[in-house]
Amino acid sequence: MKKVTLYTLSTCPVCKKVRKFLDDKGIAYTVIEVDSLGDSEQWVATKELSRHNPRASYPTVVIEDVVVGYDIDALTEKLP
Amino acid sequence: MTPDHLYHAFAKYAESLGIQLNKDREFVLDIIAGLLKNEERYGYRSCPCRLATGLKERDEDIICPCRYKDDDITEFGSCYCALYVSRDWNEDNLPHAPVPERRLPRK
């Protein structure tokens, strides 16, 4: 299972293009529209984004593998 | 100012510099909508593809046309948000690659 997070800005057309790409592929994702957040939430989101993309630029899509439980097959596949 | 007015003003400005607006008119109008939204909420037209602080002195470099436009167009044929592009970019003589963020992260 993959966890997909899209960091975006409400004013950014390129962000909309990425979002449409994910929608067209039927991919489930979480959107964080950073410019629409309050100050403190925005600070936290920017810090989190910077962990993945030091320039904290937009759009950024973070794709994380998620393994739930003692699933040796999935762990083996994800961690060769 | 209406988006259409701005479109023509930006087109003239680009022409004066020997560059062009992105040939995708709808995309440009979307960028202009973003610029106008930022002008409304911050008081200045900060780049729609960059997070503004709302403090003009901290965002001077990303007020459109941003300080990085010329270097980005020289290197990639397009500015960061692809509003302003070179003729080659518009004629697909160049790849439309994402332009990396030239701006250094804020402390």
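For clarity, every value in this text was computed on a predicted model and none was experimentally measured. (Residues numbered from 1 in each chain as written. Chains lettered and ligands numbered in written order. Predicted model: local features only at pLDDT ≥ 70, side-chain atom pairs only at ≥ 80, totals over all residues. Heavy atoms only, no water.)

**Q** With reference to specific residues and values, describe the overall build of chain B.
**A** Regarding its fold elements, chain B presents five helices and two strands. Helices and strands in chain B line up, N terminus first, as α-β-α-α-α-β-α. Taken along its principal axes, the extent of the C-alpha atoms in chain B is 40 × 35 × 20 Å. When each of the 107 residues of chain B is scored for burial, the buried share is 45%. The contacts of chain B with a sequence gap of at least 6 include a subset with a gap of at least 24, amounting to 45%. Carbon together with sulfur atoms contributes 52% to the accessible area of chain B, which is approximately 5900 Å² in total. Between the averaged position of the 16 positive side-chain charges in chain B and that of its 19 negative side-chain charges there is a distance of 5 Å. (Helix = DSSP H or I, 4+ residues; strand = E, 2+ residues; numbered from the N terminus. Buried < 20%, exposed > 50% of the residue type's maximum accessible area, 1.4 Å probe, protein only. Contact = heavy atoms within 4.5 Å. Areas by Shrake-Rupley, 256 points an atom, 1.4 Å probe, with all protein chains shown as cover. Lys, Arg positive; Asp, Glu negative; His and termini not counted. Charge placed at Lys NZ, Arg CZ, Asp CG, Glu CD.)

**Q** Go over the sheet that holds strand 1 (residues 2-8) of chain A with me, naming the residues and quoting the values.
**A** Residues and elements named next belong to chain A. The strand order across the open sheet built from three strands is 2-1-3, with neighbouring strands paired in mixed fashion. Looking along the sheet, the strands with just one partner apiece sit at the ends: strand 2 (30-33) and strand 3 (60-65). Taking each pair of neighbouring strands and ignoring which way they run, the sheet shows an average axis angle of 20°. As defined by bridge partners, strand 1 adjoins strand 2 across four bridges and the pair is classed as parallel. From the neighbouring strand, Leu6 faces strand 2, where its bridge partner is Val31. Of the strands in this sheet, strand 1, strand 2 and strand 3 are in contact with helix 1 (residues 13-24), which crosses strand 1 at around 155°. (Pairing = 2+ DSSP bridges. Axes fitted to C-alpha atoms, helices over the stretch in contact; angles between N-to-C directions.)

**Q** Any chance you could break down the pattern of salt bridges for me, citing the residues and the numbers?
**A** Pairing between side chains of opposite charge can happen when the charged atoms of each approach one another. In this structure the tally under the stated criterion is 18 salt bridges over all chains. The partner of A:Asp65 in a salt bridge is A:Lys2, and the shortest N-O contact between them spans 2.8 Å. Here A:Lys2 lies in strand 1 and A:Asp65 lies in strand 3, a separation of 63 residues in the sequence. A salt bridge links B:Asp61 to B:Arg103, with the shortest nitrogen-to-oxygen separation between them at 2.7 Å. Within this pair, whereas B:Asp61 is found in the loop between helix 3 (56-59) and helix 4 (69-76), its partner B:Arg103 is found in the segment after helix 5 (87-90), the two being separated by 42 residues in sequence. (Salt bridge = Lys/Arg side-chain N within 4 Å of Asp/Glu carboxyl O.)

**Q** Break down unusual backbone geometry for me, citing the residues and quoting the values.
**A** Following A:Tyr58, the chain continues to A:Pro59 via a peptide bond in cis, the omega torsion being -10°. Here A:Pro59 lies in the loop between helix 2 (39-52) and strand 3. Of the consecutive residues B:Cys64 and B:Pro65, the connecting peptide bond is found in the cis state with omega at -5°. In this fold, B:Pro65 is placed in the loop between helix 3 and helix 4. The phi dihedral of B:Ala82 is positive, around 70°, even though this residue is not glycine. Positionally, B:Ala82 belongs in the loop between helix 4 and strand 2 (84-85). For B:Asp92, which is not a glycine, the phi torsion comes out positive at approximately 60°. Mapped onto the fold, B:Asp92 is located in the segment after helix 5.

Take it as geometry only, folks, not as evidence of what the structure does.
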